Amino acid sequence: AIPAGRLTAEDANGISALADKYSAGEIRLTVEQNVILPNVAKDQVDALLAEPLLKKFSPNPANLSRGLVSCTGSQFCPVAIVETKNRAMALVEELEKQLDVPQLVRMHWTGCPNSCGQVQVADIGFMGAPAKLDGKAVEGVNIYLGGEIGEDPKLGAVYKKGVPCEPSVLVPTVAELLKEKFGATEKSA
């Protein structure tokens, strides 16, 4: 998985080298912001899986990392009102430390209502929005819930508006949502 779709030039060159070595130079990019190296020979799979770059980009990520999608956010987009990619990755990292999540949960982030991150089709979507914390304006999100893709698609609905992106607020809010709706449990100490 490519967490939140973020690749450096060095990462991209590394994936290109793996494609040259294992999949006849072919790379496929997915709408979930992941990479597929197709047609790897069965006798080469173990060697590919042992490549150092796959320690950073696991072919078997945890259930939150696997479903993480993010638009560019305010770091590179003048329309976005919140930073998305780093925040999305930090949220997932913290939640994966705290919780066992028994199923894939597609979490999508978008920095503004243009919805480049497609929050309405995610299990849990985060759309940049104004928020207040201790009476002060801060970066926030509207949280969407229940989007579905496939034969019977459904747009998610707003679950909660104006949630501050501050980790002390966002992490417990999403943790409770994961427990309530997706069967997540606290990890044993």
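Going by the structure above, here's the rest.
The structure contained in this document is the topic of the report that follows. For every chain, the first residue of the written sequence is number 1, and numbering continues from 1 along that sequence. Since the coordinates come from a predicted model, pLDDT governs what is reported: local features require at least 70, and pairs of side-chain atoms require 80 or more to be given and counted, while whole-chain, interface and lining totals use all residues. Excluded from the side-chain calculations are hydrogens and water; all other atoms, namely the structure's heavy atoms, are used.

A word on the layout of surface pockets
Now for step 1: Here the term cavity refers to a set of points on a 1 Å grid, laid over the protein atoms alone, in which a 1.4 Å probe fits but cannot get out; the term pocket refers to an open set having protein on both sides within 12 Å along at least five of seven lines, with lining residues being those that place an atom within 4 Å of a point. Grid points are joined across faces, edges and corners, and a volume is the space filled by probe spheres set on the points. Computed from the structure, the largest pocket encloses a volume of approximately 440 Å³.
Now for step 2: Taken together, 23 residues make up the lining of the largest pocket; nearest its centre are Ala1, Val35, Ile36, Ser58 and Pro59.
Now for step 3: Of all the elements in the fold, those that place two or more residues in the lining of the largest pocket are helix 1 (9-22), strand 2 (35-36), helix 2 (45-49) and helix 3 (53-56).
Now for step 4: Residues are grouped as follows: Ala, Val, Leu, Ile, Met, Phe, Trp, Tyr, Cys and Pro are nonpolar; Asp, Glu, Lys and Arg are charged; every other residue, Gly included, is polar. Classifying every residue of the lining of the largest pocket gives 16 nonpolar, four polar and three charged.
Now for step 5: Here the second largest pocket is characterised by a volume of approximately 280 Å³. The secondary structure listing takes helices from DSSP runs of H or I that are at least 4 residues long and strands from runs of E that are at least 2 residues long, numbered from the N terminus.

A word on helix 5 (residues 167-182)
Now for step 1: Taken together, the buried positions of helix 5 are occupied by Leu170, Val171, Thr173, Val174, Ala175, Leu177, Leu178 and Phe182.
Now for step 2: Looking at the buried positions of helix 5, the neighbouring elements they touch are helix 4 (85-98), strand 4 (99-100), strand 5 (107-110), strand 6 (124-133), strand 7 (136-145) and strand 8 (157-164).
Now for step 3: Following helix 5 by one or two positions, Gly183 adopts a phi angle in the positive range, close to 75°. Think of it in three bands: with a 1.4 Å probe and only protein chains considered, a residue is buried below 20% of the maximum accessible area for its type, exposed above 50%, and partly exposed in between. When checking whether two residues touch, look at their non-hydrogen atoms; a contact exists if any pair is within 4.5 Å.

Some details on the packing of helix 4 against helix 5
Now for step 1: Where helix 4 contacts helix 5, the two axes come as close as 10 Å, and the packing angle between them is 55°. Relative to helix 5, helix 4 is oriented oblique. The crossing of helix 4 and helix 5 is right-handed. On helix 5, the residues that touch Leu91, Glu94, Leu95 and Gln98 of helix 4 are Leu170, Val171, Val174, Ala175 and Leu178.
Now for step 2: The residue inventory of the contact of helix 4 with helix 5, partitioned by class, reads seven nonpolar, one polar and one charged. Axis definition: a line fitted to C-alpha atoms, limited for helices to the stretch in contact. Angles are taken between N-to-C directions and run from 0 to 180 degrees. Each angle receives one of four descriptions, namely roughly parallel if under 35 degrees, roughly antiparallel if over 145, roughly perpendicular if within 65 to 115, and oblique otherwise. Handedness of a helix crossing follows the sense of rotation of the near helix relative to the far helix, less than a right angle counterclockwise being left-handed and clockwise being right-handed.

A closer look at helix 1
Now for step 1: An expected span of 1.5 Å times one less than the residue number is assigned to each helix. Between its first and last C-alpha, helix 1 extends 20 Å over 14 residues, near the 20 Å set by a 1.5 Å rise per residue.
Now for step 2: All of the buried residues along helix 1 are Asp11, Ile15, Leu18, Ala19 and Tyr22. Buried residues in helix 1, looked at end-on, bunch into an arc of 100°, giving them a common side. Within helix 1, the exposed residues directed more than 90 degrees away from the buried face are Ala9, Glu10, Asn13, Asp20 and Lys21.
Now for step 3: At its buried positions, helix 1 is contacted by strand 2, helix 2 and helix 3.
Now for step 4: Downstream of helix 1 by one or two residues, Ala24 has phi in the positive range, about 50°. It is the directions from the helix axis to the C-beta atoms that the arc portrays.

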